[in-house]
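Remarks on the overall topology
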Amino acid sequence: MTRHAFTTHEPVRSSTDHVSRPVGLTAVQATSARQASSQAVRTVDTWFGPPESSLFGSMHIPVSGTARGAVVICSPIAREHIPTYRGLRQLAQLLGRAGFLVLRFDYRGLGDSAGMQSDPEAMDGWLDSVREAVDHVRSCVDAPVSVVGVRAGALLASQVLRDIEPLASLVLLDPVISGRRYVREQRAQYSVMVGEDVAADGRVSFIGGSFAQETVDRLSSMSLDGGVAAAAAPRVLAVVREADRTGKAVTGLLAASGASCITSSRLETFVNPPSFVFSVPTTVFSEIAEWVSVGASDVRAPVDVAVRHDAAVGLTADGAPVIETIGYRGPDRLLSFATHAAGHRAEDGVVVLHQTAAEHRIGPARLWVEGGRLLASRGVGALRYDRRGTGDSGDVASEESTAPTSADARDDVRHVAESVEAPAQATVHAGICSGSWHSAFAARENGAAAVVMMNMAKWSFRNTRVPIKAAHVDALDSAMVTRLFHLARAVRNRVHAVRDTLPDPGWRALGAMGLVNAPEVVLGPLAAGGARTVTLLSPEDTALFEASRGRSALQRLRRRGLRPEVAIFDRGDHSLYHRDLRETMFEHLLTVVGDTVGGASPTPFTSAAPLGAEKL
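Residues numbered from 1 in each chain as written. Predicted model: local features only at pLDDT ≥ 70, side-chain atom pairs only at ≥ 80, totals over all residues. Heavy atoms only, no water.

**Some points on a nonpolar patch on the surface**
The grouping of Met480, Leu484 and Leu487 at the surface amounts to a nonpolar patch, some 340 Å² of accessible area in total. Looking at the secondary structure, you find Leu484 in helix α16 (residues 479-499). (Patch = residues over 30% accessible without salt bridge, like charges linked within 9 Å, V, L, I, M, F, W, Y side chains within 5 Å. Areas by Shrake-Rupley, 256 points an atom, 1.4 Å probe, with all protein chains shown as cover. Salt bridge = Lys/Arg side-chain N within 4 Å of Asp/Glu carboxyl O. Helix = DSSP H or I, 4+ residues; strand = E, 2+ residues; numbered from the N terminus.)

In structure tokens:
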């Protein structure tokens, strides 16, 4: 253990939120809280809890080494965990600057913590995680503890409030009030936006999660207001959507708990953004930090945090432990998790699992966590990481948009690839969507035994197209800009009509310049460099591949003696939230790893109904 490893993340304020001030917060008190928030904070990433089932957490610590209180943030689950991740880091920083020790953590079986999300007893693990998180901060500082519960995190926290008393304050941020309604909404969203699973196997699919029926039944039976009403927290704050403020559920909650209330128009886009550009409601977070701060004492206690970088997260077939190590890679200290069995050597092989767009290192529905541990249990190392602007790497900026093919992103991918201890001939790169592009880029730059690209959507190593959409123009609310946009779009469409008549050499030249998608300019260099090149495509991505002249590209490459492999599927989604397609594609990855670097035998992952693939 160590007591000094940390990274620093600086939040940025925004003035775009619409917030009503909670009752009792005077202008003088608000100014005092803002002055307190100017203190610097260091962040320590660590394992904590029982060694046999460790939890991952990030602790935000005032640099003074003292704290006036502690705050535990209970995150959402499933897909809502992804878009809120960066924002909750910013909230933790604001609370840290106000003088609090703050813990963000993942529930057992979710995020980076040990355990399986599909465990029938997962709910016990989730509730125990809240208790253990509160116990952990109490072991680090002798000061009052507050809890911030977000979405389903508020519902989970409400079930154990009696166990974690006394609390100084409780914040319910866009809380799930009825578990039954929440489960119904999550299942409906999966059915409408993703589709149905091929076969029932005792698991229930949400977007971003796959849980045992027992877990979902218990979640459905929970309600927030009863637990909060029975709690002894002297101060309760509810932060709710403007549209929900006068609804029966919220008014009932406020009446039962006596909570103060903040409303915001930004919570819906924070929790369920319409795109991969995530929204950080900084002003709401500032108000929460001020409210918690006003209710706290100015008396400070010393903070003592023991940091664990290693945790046992599984076993190999012969009983050897699978170890996961928290690390920081490259000059920008990108947070990473290296997973390997005890005694693993670099030459035994490493699979680098590249994250997707703005999703952090866990991958869709936690695929990279559970998949990486499965790989390690079969003798092959796994590495997952965060690029700057995602997860726990880099500073959190309000209204930030992570550009997955920017110069910074390329540097991050290059630095991670260079940090891999395994030689190129023992390294496999794999990714989904933009992570596929990162895989291809890393393999081209550093070499690889294989590259597996799932749902590749950018078929060029250059990016010269300006992705201006109608929604961006509409947001400017300018008649002149709108007219110019429509004129430019008409010109573009005419150019596209001419472009589409180009012979293949011309198309390939435009692809090399980054002006069109041209699979040949990506697949050719990878296959020529000696990497086994495997592309796996959902129906949506198959359509893009074919519209980009992918089939004719394969014919030309094969005439040159190159053999890139492409497999297409007749169902599933681009983001791989569809359970069966996600797990089927991972089985393909296992096969490629087993064939190229050894170790991982091509036996099934967890899918009850693996989907058949057509090979092009």
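**Section: the sheet that holds strand β6 (residues 145-150)**
With mixed pairing, 8 strands are arranged side by side in an open sheet as β1-β2-β5-β4-β6-β7-β10-β11. The outermost strands of the open sheet, each flanked by one partner alone, are β1 (41-48) and β11 (260-264). Taking the axes of each pair of neighbouring strands and ignoring which way they run, one obtains an average angle of 20 degrees across the sheet. Across 8 bridges, the pairing between β1 and strand β2 (residues 55-62) is antiparallel. Each residue of the ladder has a partner; that of Thr43, found in β2, is His60. Across the sheet, helix α3 (residues 122-140) lies against β1, β2, β4 (69-74), β5 (100-105) and β6, angled at about 150 degrees from β5, the strand it touches most. (Pairing = 2+ DSSP bridges. Axes fitted to C-alpha atoms, helices over the stretch in contact; angles between N-to-C directions. Contact = heavy atoms within 4.5 Å.)

**Notes on the confidence of the model for the protein**
With 84% of its residues at a pLDDT of at least 70, the protein reaches an overall mean of 86. Predicted confidence for residues 2-38 stays below pLDDT 50, and this span has 100 contacts to residues more than four positions away or in other chains. (pLDDT = per-residue confidence, 0-100.)

**Regarding unusual backbone geometry**
Negative phi is the rule for most residues except glycine; trans is the rule for most peptide bonds. For the peptide bond that leads from Glu165 to Pro166, omega is 0 degrees, which places it in the cis range. Within the secondary structure layout, Pro166 lies in the loop between α5 (161-164) and β7 (169-173). Even without being glycine, Arg333 reaches a positive phi, approximately 50 degrees. Looking at the element boundaries, Arg333 is found in the loop between β14 (321-329) and β15 (334-341). On the accessibility criterion, Arg333 (37% relative accessible area) is partly exposed. Phi angles above zero are rare outside glycine, and Ala357 is one such case at about 45 degrees. Within the fold, Ala357 resides in the loop between β16 (350-354) and α12 (367-377). (Buried < 20%, exposed > 50% of the residue type's maximum accessible area, 1.4 Å probe, protein only.)

**Some words on the sheet that holds strand β22 (residues 614-615)**
Overall, mixed pairing links the 10 strands, which are arranged β13-β14-β15-β17-β16-β18-β19-β20-β21-β22 in an open sheet. Whereas interior strands pair on both sides, the edge strands pair on one side only; in this sheet they are β13 (310-315) and β22. Examined bridge by bridge, β15 and strand β17 (residues 381-385) share 4 bridges and lie antiparallel to one another. Residue pairing across strands places Ala338 opposite Leu383, the latter belonging to β17. On the sheet, helix α18 (residues 520-528) packs against β19 (450-454) and β20 (532-537) and is oriented at approximately 145 degrees with respect to β20. Running over the sheet, helix α19 (residues 539-547) touches β20 and β21 (565-568) and is turned about 120 degrees from β20.

**As for the pairing of β16**
For a regular strand, side chains alternate in direction, first toward one face of the sheet and then toward the other. Burial of β16 is extensive: 5 of the 5 residues sit out of reach of the surface. Of the two faces of β16, the one carrying Val350, Val352 and His354 and the one carrying Val351 and Leu353 are both buried.

**Focus: the environment of His415**
Looking at the secondary structure, you find His415 in helix α13 (residues 407-419). Measuring from C-alpha to C-alpha, the distance between His415 and Leu334 comes to 9.1 Å, with 81 residues separating the pair along the chain.

**Remarks on the pattern of salt bridges**
If you walk through the whole model with that rule in mind, you get 40 salt bridges. Between Glu268 and Arg241 there is a salt bridge, with its nearest N and O atoms 2.1 Å apart. With Glu268 in helix α10 (residues 267-271) and Arg241 in strand β10 (residues 236-241), this residue pair connects regions lying 27 residues apart in the sequence. Counted as one network, the salt bridges with shared partners bring together Arg104, Asp112, Glu324, Arg361, Arg373, Arg384, Asp386 and Asp392.

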